[in-house]
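Remarks on the overall topology
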Amino acid sequence: MPHHQIFNERPESQDRALKELQAMGYQYIPRAEAEQKRGHLSHVLFPDVMREFLASQSFIYRGKQTPFPDDAIGEAIRELDAPLERGLMFSSKAIYDRLIYGKSCDVHLYDSNTQSFDISYINWDEPDKNIWQVTDEFSVERNNGKYARPDIVLLVNGIPLVVIECKKSSVDVEEGVKQNVRNWQPDYIPNLFKFAQLVVAMNPNDVRYATCGTPAEFYAKWQEEDGRWLDETVRKHIPDNHPTVQDRNIVSLFSRERLLNLMRYYVFYNNGIKKIAR
């Protein structure tokens, strides 16, 4: 197990972000519980949470609402975890397509027939039907037995979709950008970043966002178009009435409906490169 240290960016950036995310409806999963859910530090999914969400779905067969059987759910969980043999972008694209389109499951039915039915990893149209969680100090084992540890990870239905590096205000946010770029390299933790749709570096006064595989020079600042919505939503979640740039960007990027829309409509692949709208 890795040795955990508490760094001084925690109170100013990381802890504040965690409190805001919880106020926005994310369930906080303590580090020890998150590691237990994962089973091993080289694994990054929460299979029990995935199973809970997938088991809530059903299909209609011969006029009856029928739940998906355990073997179909297990297959759906295994299939999302695309291997990295052909590189990060190939794996990332396979995962993204599954997230967007779901999976067709062959179901062996009670009357001995076999038929295919679609199962979804995310409920795109009803954000509140998903399971929203946040955890921190997300240690991931590298191939050499060492560890890399992103500060915050957001999970939807047990799938780690957002990776965040936090810095205190006296540290340039570019340091967090560099950590993210390093961490998706083959000798670090691409097994986490293949699932990531948003990759973020932040300090209280500056926030940069990108997606998996984005070079450092293309990390962008978010430009919010709906200022009234942002002001109203920030007031709900920031009790001290002194929101920072970080506070406002967390609302802009990670509000439930906004995050789903960003992933669904603004992430795309072009000539083997993954991009997100700026």
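Here's what I pulled together on the structure shown here. Sequence positions are assigned chain by chain, starting from 1 and proceeding in written order. Side-chain atom pairs in this predicted model are given and counted only at pLDDT of 80 or more, local residue features only at pLDDT of at least 70, and totals for whole chains, interfaces and linings cover all residues. With hydrogens and water stripped out, all remaining heavy atoms of the structure feed into the side-chain values.

1. Points about the packing of aromatic side chains
Within 6.5 Å between ring centres, the rings of Phe, Tyr and Trp (the latter by its six-membered ring) count as paired, and their orientation is classed by plane angle as stacked under 30 degrees, edge-to-face over 60, tilted in between. One pass over the structure, following the stated rule, counts 7 aromatic pairs. Ring geometry for Y26 versus W132: centroids 5.6 Å apart, planes at 85°, classification edge-to-face. Here Y26 is found in the loop between α1 (10-23) and β1 (27-28), whereas its partner W132 is found in strand β6 (residues 132-136), with 106 residues between them in sequence. Accessibility here uses a 1.4 Å probe with only protein chains present; expressed as a share of the type maximum, an area under 20% marks a residue as buried, one over 50% as exposed, and anything in between as partly exposed. On the basis of relative accessible area, Y26 is assigned to the buried category, the value being 3%. For W132, a relative accessible area of 4% gives the class buried. Ring geometry for Y61 versus F117: centroids 6.4 Å apart, planes at 85°, classification edge-to-face. Here F117 lies in strand β5 (residues 114-119) and Y61 lies in strand β2 (residues 58-61), a separation of 56 residues in the sequence. Since its relative accessible area comes to 7%, Y61 is described here as buried. Judged by relative accessible area, which is 9%, F117 ranks as buried. Taken together, the ring pairs connect F59, Y61, F68, Y110 and F117 into an aromatic cluster. Where helices and strands are cited, they refer to DSSP runs of H or I of at least four residues and of E of at least two residues respectively, numbered from the N terminus.

2. A look at the sheet that holds strand β11 (residues 198-203)
When DSSP finds two or more bridges between two strands, those strands count as paired. In space, the 6 strands of this open sheet follow the order β1-β6-β9-β10-β11-β12, with mixed pairing throughout. Each edge of the open sheet carries a strand with a single partner, namely β1 and β12 (206-210). With 5 bridges joining them, strand β10 (residues 159-166) and β11 adopt parallel strand pairing. Counted as the bridge partner of E165 is A201 from β11. On top of the sheet, helix α10 (residues 256-266) reaches β6, β10 and β11; it is set at about 90° to β6, its chief contact. Residue contacts are counted whenever heavy atoms from the two residues lie within 4.5 Å of one another. Note on definitions: angles span 0 to 180 degrees between N-to-C directions of axes, and those axes are lines fitted to C-alpha atoms, for helices only across the stretch in contact.

3. Considering the state of the cysteines
Any two cysteine sulfur atoms lying within 2.5 Å of each other are counted as a disulfide. Counting across every chain of the model gives 0 disulfides. Among the cysteines around C166, which has no disulfide bond, C212 carries the closest sulfur, lying 19 Å off.

4. A closer look at the pattern of salt bridges
A pair is scored as a salt bridge if a Lys or Arg side-chain nitrogen falls within 4 Å of a carboxyl oxygen belonging to Asp or Glu. In the structure shown here, the tally under the stated rule is 22 salt bridges. With a shortest N-O distance of 3.9 Å, K221 and D206 are connected by a salt bridge. Of this pair, K221 sits in the loop between β12 and α8 (227-237) while D206 sits in strand β12, and the two are 15 residues apart along the sequence. Note that E224 is salt-bridged to R258, the shortest N-O span being 2.9 Å. Of this pair, E224 sits in the loop between β12 and α8 while R258 is found in helix α10, placing the two residues 34 residues apart along the sequence.

5. Quick notes on the packing of helix α3 (residues 47-55) against helix α4 (residues 70-80)
When two helices pack together, their arrangement is given by the angle between their axes and by how far apart the axes lie. Put simply, α3 and α4 touch, their axes get as near as 10 Å, and they point 125° apart. It follows from the interaxial angle that α3 and α4 lie oblique. In this structure, α3 crosses over α4, and the sense of that crossing is right-handed. Counting all contacts with α3, which are made through P47, M50, R51, L54 and A55, the residues of α4 involved are D70, I73, G74, A76, I77 and L80. Only Asp, Glu, Lys and Arg are considered charged in this grouping, and only Ala, Val, Leu, Ile, Met, Phe, Trp, Tyr, Cys and Pro are considered nonpolar; every other residue, Gly among them, is considered polar. Of the residues assigned to the contact of α3 with α4, the class counts are 8 nonpolar, 1 polar and 2 charged. Here roughly perpendicular refers to angles of 65 to 115 degrees, roughly parallel to angles under 35, roughly antiparallel to angles over 145, and oblique to all remaining angles. Helix crossings get a hand from a simple test, with the near helix turned counterclockwise from the far one by less than a right angle marking a left-handed crossing and a clockwise turn marking a right-handed one.

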